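Working through the structure, step by step
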Amino acid sequence: IQFLNSSGAWSPDGSTFAMTAARSGRPILALLRVSRGGLEREIRLDTLDDALNPVFAPDGRSLFFSGNVGGVLDLYRLTLATGDVERLTSDPWADLEPAVTPDGKGLVFTTERFSTNLESLEAGPLRLAYLDLTTRAVRPIAGFLRGKHISPQVSADGSTVYFIADPDGVNNIYRIGIDGGPVERLSSLATGVAGITSASPALS
């Protein structure tokens, strides 16, 4: 079970829990039927080297996740009925932690595409972005000018993104409009808000 850099997700009806894992050194998506207390289905991801942070589509028919091929992290969609895997982004930047909008039309995710300099190989902090699933266009969700932005979650009405950021060096919870706008701070904890590591998923 990959618990340092990944988290699991509930199906929309609350009956199934999805998580990424490894079987014989290869990545899988595991679906657990909670009422029966066991593994319902295991989907091999043979074309990938790793998989992280699955999340169900609102209709429960597909799963989105971040996949690693040759050290490059992109976003993918898996159709549960067929097991087909579709690559949604294809670029040299890391794309992580997808969160689906309630209408199923887009993903909010974290990416280094707006901060990393590929020419000088200077890695930048993760920022928030929105992927339109119809056009595949990616746009930034402008947050802070410094620090990382991780663990995005979309509000039930689709208008707001909650996330963890550290503009002052300490992880706390913030929110911003999905189309941008002012950032509002929701927590002020001296010890910060974090999972096992400072970059582990820590918001649901």
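Report follows, based on the coordinates. What you see is a predicted model, and the numbers here were worked out from it, not measured in a lab. (Residues numbered from 1 in each chain as written. Predicted model: local features only at pLDDT ≥ 70, side-chain atom pairs only at ≥ 80, totals over all residues. Heavy atoms only, no water.)

What follows deals with the pairing of strand 15 (residues 172-177). Residues Asn-172, Tyr-174 and Ile-176 of strand 15 are buried on one face, while the alternating residues Ile-173, Arg-175 and Gly-177, pointing to the opposite face, are not. Pairing between strand 14 (residues 160-165) and strand 15: six bridges, direction antiparallel. Following the sheet pairing, Thr-160 is matched in strand 15 by Gly-177. The pairing of strand 15 with strand 16 (residues 184-185) spans two bridges and is antiparallel. In the sheet register, Arg-175 faces strand 16, and the bridge partner there is Glu-184. Connecting the antiparallel pair strand 15 and strand 16 is a turn made up of six residues, with Gly-180 showing a positive phi of about 100°. (Buried < 20%, exposed > 50% of the residue type's maximum accessible area, 1.4 Å probe, protein only. Helix = DSSP H or I, 4+ residues; strand = E, 2+ residues; numbered from the N terminus. Pairing = 2+ DSSP bridges.)

Relative to strand 4 (residues 38-44), strand 3 (residues 26-33) runs antiparallel, the two sharing six bridges. Bridge assignment links Ala-30 to a residue of strand 4, and that residue is Glu-42. The antiparallel hairpin formed by strand 3 and strand 4 contains four residues in its connecting segment, where Gly-37 sits at a positive phi of about 70°.

This part is about the pattern of salt bridges. Under the defined criterion, the tally for this structure stands at 13 salt bridges. Between Asp-74 and Arg-87 there is a salt bridge, with its nearest N and O atoms 2.6 Å apart. Residue Asp-74 is found in strand 7 (residues 72-79), and its partner Arg-87 is found in strand 8 (residues 85-87); the two are separated by 13 residues along the sequence. In this structure, the salt-bridge partner of Arg-185 is Asp-168, at a minimum N-O distance of 3.5 Å. Residue Arg-185 is located in strand 16, and its partner Asp-168 is located in the loop between strand 14 and strand 15; the two are separated by 17 residues in the primary sequence. Arg-185 sits in the partly exposed class, given a relative accessible area of 38%. With a relative accessible area of 45%, Asp-168 lands in the partly exposed category. A single network of salt bridges, built from pairs that share partners, joins Arg-33, Arg-36 and Glu-40. (Salt bridge = Lys/Arg side-chain N within 4 Å of Asp/Glu carboxyl O.)

Geometry only, nothing functional implied.
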